[in-house]
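# Breakdown of the fold
These are the residues of each chain, in order.
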Amino acid sequence: VQLVESGGGLVQAGGSLRLSCAASGFTFSRYVMSWYRQAPGKERELVADISSAGGSTNYGDSVKGRFTISRDNAKNSVYLQMNSLKPEDTAVYYCNAFLVTRNYWGQGTQVTVSS
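Residues numbered from 1 in each chain as written. Predicted model: local features only at pLDDT ≥ 70, side-chain atom pairs only at ≥ 80, totals over all residues. Heavy atoms only, no water.

### Here's the deal with the sheet that holds strand β7 (residues 67–72)
- Across the sheet, four strands lie side by side as β1-β3-β8-β7; this open sheet has antiparallel pairing. Bordering the open sheet on either side are β1 (2–6) and β7, each of which pairs with just one other strand. For this sheet the average axis-to-axis angle between neighbouring strands, irrespective of direction, equals 15 degrees.
- Direction of pairing for β7 relative to strand β8 (residues 77–82): antiparallel, over a ladder of six bridges. Opposite Asp 72, over in β8, you have Ser 77 as the bridge partner. (Pairing = 2+ DSSP bridges. Helix = DSSP H or I, 4+ residues; strand = E, 2+ residues; numbered from the N terminus. Axes fitted to C-alpha atoms, helices over the stretch in contact; angles between N-to-C directions.)

### Concerning the state of the cysteines
- Tallied over the full model, the rule gives one disulfide.
- Disulfide pairing places Cys 21 opposite Cys 95 at an S-S distance of 2.1 Å. Judged by the sign of its S-S torsion, about -85 degrees, the bond between Cys 21 and Cys 95 is left-handed. Of the two residues, Cys 21 is situated in strand β3 (residues 17–24) and Cys 95 in strand β9 (residues 91–99); the sequence distance between them amounts to 74 residues. (Disulfide = S-S within 2.5 Å.)

### Focus on the pattern of salt bridges
- Scanning the entire structure with this criterion turns up four salt bridges.
- Notably, a salt bridge pairs Arg 37 with Asp 89, separated by 2.9 Å at the nearest N-O pair. Here the residue Arg 37 occupies a position in strand β4 (residues 32–38), and Asp 89 occupies one in the loop between β8 and β9, the gap between them amounting to 52 residues.
- Salt bridges sharing partners connect three or more residues here, namely Arg 37, Glu 45, Arg 66 and Asp 89. (Salt bridge = Lys/Arg side-chain N within 4 Å of Asp/Glu carboxyl O.)

Right, dumping it as structure tokens:
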């Protein structure tokens, strides 16, 4: 099983980034996919999740209206479009796949937003 995140980097406040997560080694289309983040000294928090077929999404309060999660089951990939970025969005962003008792994590990608 592999989840490989990409697309992180350094961006100025107000800018945008698009994160991608490429999955392999499991039946991607059956899994709920999520993005989490963890800032230094803070607990990991849910950013957004999307149902297996992509018809339902859920967002953390701090990113509602700014971030959009999407998935392409044909490409075994999930994405996070991040707009209007703020310095408080600075964190390591992790891709997660969940199905009942199976829970997989990527290695994370750093997002840094400068003021």
